[in-house]
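# Tertiary structure, described
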Amino acid sequence: MKDINFKNRKVLIRVDFNVPLDSKLKVSDDTRILASKPTIKKILDDGGSCILMSHLGRPKANEKEFSMFNILYKIEEIFERNVIFSNDCIGWRAKELSQGLKPGEILLLENLRYYQEEINGNYSFAKKLASLGDFYINDAFGTAHRAHASTSVIAQFFPKAKCFGYLLSKEIKAIGKIMESGEKPIVAILGGAKVSSKIKVILNIIDMVDHVIIGGGMAYTFIKALGGDIGDSIFEPDKEDMALSIIDLAKEKKVKIHLPKDVIIADRLDNSANIKASDSFSIPKNWQGLDCGPKSSIVFNDIIQDCKTILWNGPLGVFELSRFSEGTKALGRSVVNATSNGAFSLVGGGDSVAAVKMFNFESGVSYVSTGGGAMLESLEGKSLPGIRAINMR
Ligand code: AMP
């Protein structure tokens, strides 16, 4: 992007402005809009104009609460200028407004997902969108794993006039720094509720990492499979065999798998529950493991400080409740410390990103990914349709 001059170009940009709105339909977190600011600013500074297209939520019909109009004021605030709004993303109105667009102006299109054709990857819908601009940029990592009309199908109409936006480039580089050129030793920290959602990630990264730390709810399927007593802790009975195969595979590849030695257990999932520390392999009946324990945090810290590349996906406990957040916080401190000593750290995938933000670790890690599902699919080794479409000549 940086080598292209966008003077007098009408640039159609797929952004991910799927931001959360509060009960008054005001933007409650503008991170995603800010994330695409460098891309939009570069085009405006060059003397081009921007046609922004995005989805917002999951509309069934054309419900008002999913209208992009709700976030228009926030875009105007961030770019300190009036932004033109088209109440349709295709059709004569969008066409007329895009034709009249002058250098330095921004046009925001209505929610792409008001049309089912967007999700179906409909060819003629993509062609109509494409007719609005003369250059296409994909800057929406959050939807890069979808083969939708605006994220993938549309790119074919710009064979020589398409590129990644700065945000998408940054995401691709950050993943590459782990998956392709990660400096060893490399540790992957995997947490979250279920092992089933992370199996493909483990199988894909096992060849490149030196350590895998497994925490959160998913650890109990491994502990149970290894013969531990897990009380009422969350686990997936149909994944026990898979857990054992992963342990065998890791041994074969000389990758060390680390499970929590101790955990914080509770008699119910509540901040007012009775809680205590327990050996993770002997959790009493009627108690459940909801956080990793202090001894585990020390062991995990030692591993993390020894590593040069760190991938963190998923919290180590029910971090949303303060009494079960210490393990995730301790882990965050370890990752921040290792990063300040020169390690590269990437935090990606839904809830670990939420945890990093909640405990203010964001500025202390090297990169926080903006795309949950897209990050997970990248870590699973899949090629993403949104990225493929730009690379295709
Ligand atoms: P995921 O989306 O798979 O990354 O899972 C994130 C969710 O896992 C968070 O909402 C956590 O509260 C939850 N979680 C983490 N540890 C546990 C645990 N030990 N028991 C139940 N849920 C957990």
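These numbers were taken from a predicted model, which means no experiment stands behind them.

### What to know about the site of the ligand
Every one of the 14 residues lining the ligand counts as a neighbour, but A193, G217, G289, E320 and D351 are closest to it. Note that an oxygen atom of the ligand is positioned 3.0 Å from one of the backbone N or O atoms of A193. At 3.0 Å, a backbone N or O of G289 approaches a nitrogen atom of the ligand. Protein contact buries 79% of the 510 Å² of open area that the ligand shows by itself. Here the residues of the shell around the ligand sort into six nonpolar, five polar and three charged.

### Quick notes on the packing of aromatic side chains
Any aromatic ring pair is given by two values, namely how distant the centres are and how the planes are angled relative to each other. Throughout the structure, instances matching the rule amount to six aromatic pairs. When the ring of Y136 is compared with that of F158, the centres are 5.9 Å apart and the planes differ by 25 degrees; the resulting orientation is stacked. Residue Y136 is located in strand β5 (residues 135-138), and its partner F158 is located in the loop between β5 and β6 (162-164); the two are separated by 22 residues in the primary sequence. The exposure classification of Y136 matches that of F158, with both residues buried. Above the ring of Y73, the side-chain terminus of K26 is found at 4.6 Å from the ring centroid. Its guanidinium or amino end placed over the ring of W287, K276 lies 4.4 Å from that ring's centre, counting from NZ or CZ.

### Topic: the pattern of salt bridges
As enumerated under the stated definition, the model contains 15 salt bridges in all. Residues K42 and D46 are paired through a salt bridge, measuring 2.9 Å at the closest nitrogen-oxygen approach. In this pair, K42 and D46 both sit in helix α2 (residues 37-46), four residues apart, roughly one turn of the helix. Taking relative accessible area as the criterion, K42 reaches 15% and is therefore assigned buried. Look at the salt bridges and you will find they share partners, linking D30, K74 and E77 into a network.

### Examining helix α14 (residues 372-379)
Listed in full, the buried residues belonging to α14 are A374, M375, L376, S378 and L379. Residues of α14 that are buried sit in contact with α7 (166-179), α8 (199-205), β15 (309-313) and β16 (344-347). Phi for G381, located one or two positions after α14, is positive at around 90 degrees.

### A word on helix α6 (residues 123-130)
All of the buried residues along α6 are F125, A126, L129 and A130. An end-on view of α6 places all buried positions within 140 degrees of arc, on one side of the element.

### Quick word on the sheet that holds β6
One open sheet accounts for six strands, arranged β3-β4-β2-β1-β5-β6; its pairing is parallel. The sheet terminates laterally at β3 (84-86) and β6, the two strands that pair on one side only. Each strand of the sheet is rotated relative to its neighbour by a mean of 25 degrees, with strand direction disregarded. Of the strands in this sheet, β1 (10-14), β2 (49-53), β4 (106-109) and β5 touch α2, which is tilted by about 150 degrees from β2.

### Focus on the domain arrangement of the chain
Once the domains are mapped, the chain shows domain 1 (10-164) and domain 2 (172-379). Computed from C-alpha coordinates alone, the two centres of domain 1 and domain 2 are separated by 35 Å. Listed as interface residues are eight residues of domain 1 and, on the opposing side, 11 residues of domain 2. Taken together, both faces of the contact between domain 1 and domain 2 bury some 700 Å²; the carbon and sulfur share is 68%.

Calculation rules
All residue numbers here refer to positions counted from 1 along the written sequence of the relevant chain. In view of the model being predicted, local features appear only for residues whose pLDDT reaches at least 70, and side-chain atom pairs are presented and counted only at 80 or more, with totals across whole chains, interfaces and linings using the full set of residues. Heavy atoms from the whole structure form the basis of all side-chain values; hydrogens and water molecules are not counted. The nearness test applies per residue and asks whether one of its heavy atoms lies within 4 Å of the molecule or strand. Under the rule applied, a polar contact is a pair of N or O atoms within 3.5 Å (in protein, one hydrogen donor and one hydrogen acceptor; residues adjacent in sequence only if both atoms are side-chain atoms). The Shrake-Rupley method, run with a 1.4 Å probe, gives the accessible areas here. Residue values count only the displayed protein chains as cover. Asp, Glu, Lys and Arg are counted as charged, while Ala, Val, Leu, Ile, Met, Phe, Trp, Tyr, Cys and Pro are counted as nonpolar; the rest, among them Gly, fall into the polar class. Aromatic rings from Phe, Tyr and Trp, with only the six-membered ring used for Trp, were paired whenever their centres fell within 6.5 Å, and each pair was classed as stacked if the ring planes differed by under 30 degrees, edge-to-face if by over 60, and tilted otherwise. Only DSSP runs of H or I reaching four residues or more are called helices, and only runs of E reaching two or more are called strands; each is numbered from the N terminus. Exposure classes here rest on a 1.4 Å probe applied to the protein chains alone. A residue is buried below 20% of its type maximum, exposed above 50%, and partly exposed in between. Whether a charge sits over a ring depends on NZ of Lys or CZ of Arg being within 6 Å of the ring centre and within 35 degrees of the ring normal. By definition here, a salt bridge exists when the distance from a side-chain nitrogen of Lys or Arg to a carboxyl oxygen of Asp or Glu is within 4 Å. A contact between two residues is defined here by any heavy atoms of the two lying within 4.5 Å. The directions considered for the arc are those from the helix axis to the C-beta atoms. For two strands to be treated as a pair, DSSP must find no fewer than two bridges joining them. Axis geometry follows a simple rule: fit a line to the C-alpha atoms, using only the stretch in contact for helices, then measure angles between N-to-C directions, giving values from 0 to 180 degrees. Annotation comment: domain bounds sourced from an automatic or database domain assignment. Summed over both partners, the accessible surface that disappears when two parts come together, traced with a 1.4 Å probe, is what is meant by buried area.

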